[in-house]
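Fold and geometry: a report
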Amino acid sequence: MEIRERQLPEGNAGARVTLERMRDLIQTSRLVPDAAALGFSAELIDEAGRPSSSLTERAVWAYWWVRQTVVFEDDAPGVEEIRSPGVLLEEIRRTGMAHGDCDDLVILLGALLRTLEAPVRLVAVSLQSDGLMEHVYLDAEVEGGWLPLDPSVLESPGWAPLDATARMEVWV
């Protein structure tokens, strides 16, 4: 399923609507069969169907899997496109890769983390003095607390923008 919003509220009200739609896509996705068919969970689940590693290890593995299978690509100017995890997995199945912007990568990662039983929250940030939200990543709750995961930047798990001037969270 693909969702296109033609008219979002302006400013941070529009960012809140986008985060809520992202949350809804993550909460309603059922990825286990599709993701497993693409090799996502093979190393993370034992023969009895139980997690085979710590929650932190599973979250980091999911992060790298998304980073390696989804190429960052901005939406068209003036358009906020939100792609469901199923659409991205279908693109990966057909071509071996998917394309999406920060919200698409976060939606897929969030849905995969939920299949691995990791609680997540979406985090939108502003990096400008106007405080308008312009980027999204997620935090996964793991054994040691909250782990920032931003699959759209070339940084390791645990990185989050330190220079954010404003922050908005939506719990999934």
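Before reading further, recall that the structure is shown in the block above.
Residues numbered from 1 in each chain as written. Predicted model: local features only at pLDDT ≥ 70, side-chain atom pairs only at ≥ 80, totals over all residues. Heavy atoms only, no water.

On a plain count of helices and strands, the protein comes out with 5 helices and 8 strands. Across the protein, helices and strands are ordered from the amino to the carboxyl terminus as β-α-α-α-β-β-α-β-α-β-β-β-β. By residue count, 46% of the 172 residues in the protein fall in the buried class. Nonlocal contacts in the protein, meaning residues at least 24 apart in sequence, comprise 66% of its contacts between residues at least 6 apart. Surface summary for the protein: the accessible area is close to 8,700 Å², and the carbon and sulfur share equals 50%. (Helix = DSSP H or I, 4+ residues; strand = E, 2+ residues; numbered from the N terminus. Buried < 20%, exposed > 50% of the residue type's maximum accessible area, 1.4 Å probe, protein only. Contact = heavy atoms within 4.5 Å. Areas by Shrake-Rupley, 256 points an atom, 1.4 Å probe, with all protein chains shown as cover.)

Counted under the stated rule, the structure contains 2 aromatic pairs. Judged by centre distance (5.0 Å) and plane angle (75°), the rings of Y63 and W64 are edge-to-face. On the accessibility criterion, Y63 (0% relative accessible area) is buried. With centroids separated by 5.0 Å and ring planes inclined at 80°, the aromatic side chains of W146 and W171 adopt a geometry described as edge-to-face. Separated by 25 residues along the polypeptide, W146 in strand β7 (residues 145–149) and W171 in strand β8 (residues 166–171) bring together distant segments of the chain. Since its relative accessible area comes to 28%, W146 is described here as partly exposed. The cationic tip of R121 hangs over the ring face of W146; the distance from NZ or CZ to the ring centre is 3.9 Å. (Phe/Tyr/Trp six-rings, centres within 6.5 Å; stacked < 30°, edge-to-face > 60°. Lys NZ or Arg CZ within 6 Å of the ring centre and 35° of its normal.)

Before going further, it helps to examine the packing of helix α4 (residues 85–95) against helix α5 (residues 102–115). Relative to each other, α4 and α5 sit at 95°, their axes nearing to 9 Å. When the interaxial angle is binned, α4 and α5 end up roughly perpendicular. Here α4 contributes P85, L88, L89 and I92 to the contact with α5, which in turn contributes D104, I107, L108 and A111. A per-class count over the contact of α4 with α5 returns 7 nonpolar, no polar and 1 charged. (Axes fitted to C-alpha atoms, helices over the stretch in contact; angles between N-to-C directions. Parallel < 35°, antiparallel > 145°, perpendicular 65-115°, else oblique. Nonpolar A, V, L, I, M, F, W, Y, C, P; charged D, E, K, R; others polar.)

What follows is about the sheet that holds β7. Hydrogen bonds between backbone atoms are what pair the strands of a sheet, whose relative direction is either parallel or antiparallel. Spatial ordering of the open sheet is given by β7-β6-β5-β8, a layout of 4 strands whose pairing is antiparallel. Two strands in the sheet have a free side with no partner beyond their single neighbour: β7 and β8. Between one strand and the next, the sheet's axes are offset by a mean angle of 30°, whatever the strand orientation. Strand direction decides the pairing type here: strand β5 (residues 120–126) and β8, joined by 6 bridges, are antiparallel. Paired with R121 across the bridge in β8 is W171. Here helix α1 (residues 11–28) sits on the sheet in contact with β5, β6 (135–142) and β8, set at roughly 30° to β8. (Pairing = 2+ DSSP bridges.)

Let us look at the pairing of β5. Along any regular strand the residues' side chains alternate between the sheet's two faces. When you tally the buried positions in β5, you get 7 out of 7 residues, the bulk of the element. Of the two faces of β5, the one holding V120, L122, A124 and S126 and the one holding R121, V123 and V125 are both buried throughout. Inspection of the sheet shows β5 paired to β6 by 6 bridges, in the antiparallel sense. Residue pairing for β6: V120 is matched across the bridge by A140.

In this structure, L108, L113, L138 and L149 are the most contacted members of the largest nonpolar core, which totals 40 residues. Among the elements of the structure, α1, α3 (55–69), α4, α5, β5, β6, β7 and β8 are those that each provide at least two residues to this core. The element that contributes the greatest number of residues to this core is α5, accounting for 8 residues. Not counting residues up to four positions away in its chain, the partners in contact with L138 are V106, L109, G110, L113, V120, R121, L122, V123, L147, P148 and L149. (Core = buried A, V, L, I, M, F, W, Y, C linked by side-chain atoms within 4.5 Å.)

Here the focus is the layout of surface pockets. Within this model, the largest pocket holds a volume of roughly 440 Å³. In this structure, the largest pocket is lined by 26 residues; those nearest its centre are T18, E80, M133, E134 and H135. At the level of elements, α1, α5 and β6 are the ones that each hand at least two residues to the lining of the largest pocket. A per-element tally of the lining of the largest pocket places α1 first, with 7 residues. Grouping the amino acids of the lining of the largest pocket by side-chain chemistry returns 13 nonpolar, 6 polar and 7 charged. (1 Å grid on protein atoms, 1.4 Å probe; cavity = no way out; pocket = protein on both sides within 12 Å on 5 of 7 lines; lining within 4 Å. Points joined across faces, edges and corners; volume = space filled by probe spheres on them.)

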